Amino acid sequence: MITQEQKEITKLDVNKIRIDFPILNTNIYGHSLVYFDNAATTQKPNQVIDSISDYYKNYNSNVHRGVHHLSQMATDRFEEARRTVRDFINAESEKEIIFTRGTSDSINLIASSFGKAFVRKGDRVLITAMEHHSNIVPWQILCEDREAQLDVIPIDEKGELIFEEFEKLLDSDVRILALPYVSNSLGTVNPVKKIIEAAHSHGVPVLLDAAQAVQHIPVDVKELNVDFLAFSSHKIYGPTGMGILYGKEEWLEKIPPYQGGGEMIHTVTFEKTTYNELPFKFEAGTPNIAGAIGLDSALKYVTNLGIDSIHIYENKLYQYALEKLSSIKELTFIGEAKERAGAISFVIENTHPFDVGEILDKQGIAVRTGHHCTEPIMDQFKIPGTIRASFSFYNTKDEVDRLVLGLNRAKQMLL
Ligand code: PMP
């Protein structure tokens with residue numbers, strides 16, 4: 001049931017919003033673009049593009065080091081971005097916001113630094129069966145190095161975590177649990193608050209891979225009481241090459257730096273180096289200044305539309321897409337969790353996802369096909385890959401109708 005209050009905040013003017021995204025006017029093979037590859041990366045509004053261009057045109061300079069005017073301007077904007085991220089996820093302090101290159105980089109940072117401090121021979125690290133490779137491989141590298149064990153929480157045929165199995169795996173040898181908030185290939189939204197509470201009751205800290213969550217769902221790190229949270233700017237309407245790691249201050253104080261270099265130091269002699277305070281201890285070298293400025297504009301853009309309104313609008317579109325896609329009788333959904341967001345994955349009987357994707361492309365419809373960097377999920381469902389349509393607030397029901405039409409055409413050609 002949508003309440004009156006929700007109705008009020010649902011009013012996104014999508015036609016007006018679309019004007020902000022120049023790429024949405026593109027024609028592909030003579031068809032207007034339908035962009036349903038938002039889980040891979042989102043398109044950028046003029047506000048983001050212009051803020052990056054403004055930086056390079058008007059105040060390009062390095063941060064934190066110069067006394068001169070341009071450097072101070074760049075530093076102010078760079079640090080403003082950090083405060084914007086802090087407010088966006090409701091962190092306690094900007095010291096808890098580390099700028100990285102992306103979700104993968106954020107996870108690697110924690111696997112490496114947390115691993116060095118806390119993971120020893122015979123310890124265990126928990127992940128789930130629905131991870132993106134980015135939340136598998138860094139932990140494998142750590143576990144190999146430390147002679148620790150990587151354990152995987154299984155998922156059922158709907159693509160939901162099996163909670164009882166998770167509880168069985170929780171014991172005093174587990175050093176950390178890392179899991180996705182939202183699965184990039186199944187769309188499953190995990191009950192992360194409940195999972196975090198269970199992990200904490202065994203003294204286990206939790207890293208949330210929020211790469212597919214922050215752009216769809218309001219995320220409040222204090223409310224979740226999560227220890228670490230990672231996401232990428234480019235999946236939330238900002239530029240590539242820019243990521244965020246949130247960490248509770250008490251944890252970040254306890255773990256060593258990830259990389260060495262300029263910026264992350266306090267003093268350096270050949271005998272001994274002392275490290276900078278948070279968050280700079282984790283930011284070696286010249287950061288992605290334009291990336292931070294673009295991210296700042298992106299988060300302000302999303303905040304201005306309202307993440308609650310986005311959530312409601314996208315959820316309606318998602319339900320509409322599920323209903324329309326269900327009309328194709330040869331289509332099987334991969335991932336049918338009760339709570340889903342962002343992406344819908346499916347296969348079409350007797351066709352290869354790649355062939356379907358190519359035929360859609362010729363009709364101007366961009367979807368992703370393949371394993372979506374989640375090979376273990378494909379193995380579990382015994383398929384080579386899926387066709388994945390993933391949604392944004394700038395997508396419309398008309399576009400969903402075009403997808404269904406396109407799929408019917410692909411079916412005619414392939415079956
Ligand atoms: N985790 C999830 C759930 C993702 O969807 C992605 C990107 N597809 C990543 C991690 C990795 O993000 P990035 O490539 O921006 O580092």
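Residues numbered from 1 in each chain as written. Predicted model: local features only at pLDDT ≥ 70, side-chain atom pairs only at ≥ 80, totals over all residues. Heavy atoms only, no water.

Glancing now at the side chain of Asn 395. Tracing the chain through its elements places Asn 395 in the loop between strand 17 (386–390) and helix 15 (397–414). Residue classification places Asn 395 among the buried positions, given a relative accessible area of 1%. Reaching out from Asn 395, the side chain makes a polar contact with the backbone nitrogen of Ser 392 at a distance of 2.9 Å. Beyond its immediate sequence surroundings of up to four residues, Asn 395 is in contact with Val 14, Arg 18, Tyr 35, Phe 36, Asn 38, Tyr 313, Leu 317 and Ser 390. (Helix = DSSP H or I, 4+ residues; strand = E, 2+ residues; numbered from the N terminus. Buried < 20%, exposed > 50% of the residue type's maximum accessible area, 1.4 Å probe, protein only. Polar contact = N/O pair within 3.5 Å; in protein donor to acceptor, adjacent residues only side chain to side chain. Contact = heavy atoms within 4.5 Å.)

Packing of helix 12 (residues 307–325) against helix 15 brings their axes to within 10 Å, and their N-to-C directions diverge by 25 degrees. The angle between the axes of helix 12 and helix 15 places the two elements in the roughly parallel class. Note that helix 12 runs across helix 15; the crossing there is right-handed. In this structure, helix 12 uses Leu 317, Tyr 320, Ala 321, Lys 324 and Leu 325 to contact helix 15, whose residues at the interface are Lys 397, Val 400, Asp 401, Leu 403, Val 404 and Leu 407. (Axes fitted to C-alpha atoms, helices over the stretch in contact; angles between N-to-C directions. Parallel < 35°, antiparallel > 145°, perpendicular 65-115°, else oblique. Left-handed = near helix turned anticlockwise from the far one by under 90°.)

As for its placement among the helices and strands, Lys 44 is situated in the loop between strand 3 (34–35) and helix 3 (46–59). Buried charge Lys 44 goes without a salt bridge, the closest partner of opposite sign being Asp 37 at 11 Å. A distance of 3.0 Å separates the side chain of Lys 44 from the backbone oxygen of His 234, its partner in a polar contact. There is a polar contact of 2.8 Å between the side chain of Lys 44 and the backbone oxygen of Gly 238. In this structure, Lys 44 is in contact with Asp 20, Phe 21, Pro 22, Ile 49, His 234, Tyr 237 and Gly 238, ignoring residues within four places of it in sequence. (Lys, Arg positive; Asp, Glu negative; His and termini not counted. Salt bridge = Lys/Arg side-chain N within 4 Å of Asp/Glu carboxyl O.)

In this section: empty space enclosed by the protein. Per the stated rule, a full pass over the model turns up 2 cavities of 30 Å³ or more. Considered as a void within the structure, the largest cavity measures approximately 80 Å³ in volume. Forming the boundary of the largest cavity are His 216, His 311, Glu 314, Asn 315, Tyr 318, Arg 340, Ala 341, Gly 342 and Phe 391. Per-class residue counts for the lining of the largest cavity are 3 nonpolar, 4 polar and 2 charged. Counted as a void, the second largest cavity has a volume near 40 Å³. Residue lining of the second largest cavity: Asn 38, Ala 39, Gln 212, Gln 215, His 216, Gly 342, Ser 390 and Phe 391, and that is the complete set. The residues that make up the lining of the second largest cavity include at least three from each of domain 1 (4–41 + 306–414) and domain 2 (49–304). (1 Å grid on protein atoms, 1.4 Å probe; cavity = no way out; pocket = protein on both sides within 12 Å on 5 of 7 lines; lining within 4 Å. Points joined across faces, edges and corners; volume = space filled by probe spheres on them. Nonpolar A, V, L, I, M, F, W, Y, C, P; charged D, E, K, R; others polar. Domains from an automatic or database assignment.)

We now examine the pattern of salt bridges. Side chains that carry opposite charge are capable of pairing whenever their charged atoms lie near each other. A full pass over the atoms with the stated rule returns 24 salt bridges. Among the ionic pairs, Arg 175 bridges to Asp 123, the shortest N-O distance being 3.0 Å. Of this pair, Arg 175 sits in strand 7 (residues 174–180) while Asp 123 sits in the loop between helix 5 (103–118) and strand 5 (124–128), placing them 52 residues apart in sequence. A salt bridge links Glu 197 to Lys 193, with the nearest nitrogen and oxygen atoms 4.0 Å apart. Separated by 4 residues within a single helix, Glu 197 and Lys 193 lie in helix 8 (residues 192–201), roughly one turn from each other. Given a relative accessible area of 35%, Lys 193 falls into the partly exposed group.

The next thing to look at is the domain arrangement of the protein. As far as domains go, the protein holds domain 1 (4–41 + 306–414) and domain 2 (49–304). For domain 1 versus domain 2, the distance between C-alpha centres works out to 27 Å. The interface of domain 1 with domain 2 comprises 40 residues on the first partner and 34 residues on the second. Summing both sides of the interface, domain 1 and domain 2 together bury roughly 2800 Å²; the carbon and sulfur share of this comes to 55%. Considering only the surface of domain 1 that becomes buried against domain 2, Ile 307, Cys 373 and Ile 377 emerge as the three largest contributors, covering 18% of it. Here domain 1 is connected to domain 2 by 0 salt bridges. If you look at where domain 1 meets domain 2, you find 24 residue pairs in polar contact (both at pLDDT 80 or more). Of all the elements in the fold, those that place two or more residues in the side of domain 1 that touches domain 2 are helix 12, strand 14 (343–348) and helix 14 (375–381). Here the side of domain 1 that touches domain 2 is composed, by residue class, of 20 nonpolar, 11 polar and 9 charged. (Buried area = accessible area lost by both parts, 1.4 Å probe.)

A few words now on the site of the ligand. Neighbouring the ligand are Thr 103, Ser 104, His 132, Ser 134, Asn 184, Asp 209, Ala 211, Gln 212, Ser 232, His 234 and Lys 235. Ser 104 is positioned with one of its side-chain polar atoms (N or O) 2.6 Å from an oxygen atom of the ligand. Computed on the free molecule, the ligand has an accessible area of 390 Å², of which 85% lies beneath the protein chains in the complex. (Near = heavy atom within 4 Å. Areas by Shrake-Rupley, 256 points an atom, 1.4 Å probe, with all protein chains shown as cover.)

On the surface, a cluster of nonpolar side chains totalling about 290 Å² of accessible area is made up of Met 413, Leu 414 and Leu 415. Locating Leu 414 in the fold gives a position in helix 15. Classification of Leu 414 by relative accessible area gives partly exposed; the value is 32%. (Patch = residues over 30% accessible without salt bridge, like charges linked within 9 Å, V, L, I, M, F, W, Y side chains within 5 Å.)

Further remarks concern helix 8. The complete set of buried residues in helix 8 reads Val 192, Ile 195, Ile 196, Ala 198 and Ala 199. In a view along the axis of helix 8, the buried residues occupy a sector of 165 degrees, so they form one face of it. Of the surrounding elements, those touching the buried residues of helix 8 are helix 7 (163–169), strand 7, strand 8 (206–209) and helix 9 (221–224). Just downstream of helix 8, Gly 203 is the residue with a positive phi angle, here 75 degrees. (Arc of directions from axis to C-beta.)

Attention now moves to the pairing of strand 14. Judged by how many residues are buried, strand 14 sits mostly within the fold: 6 of 6 residues are covered. Of the two faces of strand 14, both are covered, the one formed by Ala 343, Ser 345 and Val 347 as well as the one formed by Ile 344, Phe 346 and Ile 348. Where strand 13 (residues 331–333) and strand 14 come together, 3 bridges link them in antiparallel fashion. The residue bridging Phe 333 from the neighbouring strand is Phe 346, located in strand 14. (Pairing = 2+ DSSP bridges.)

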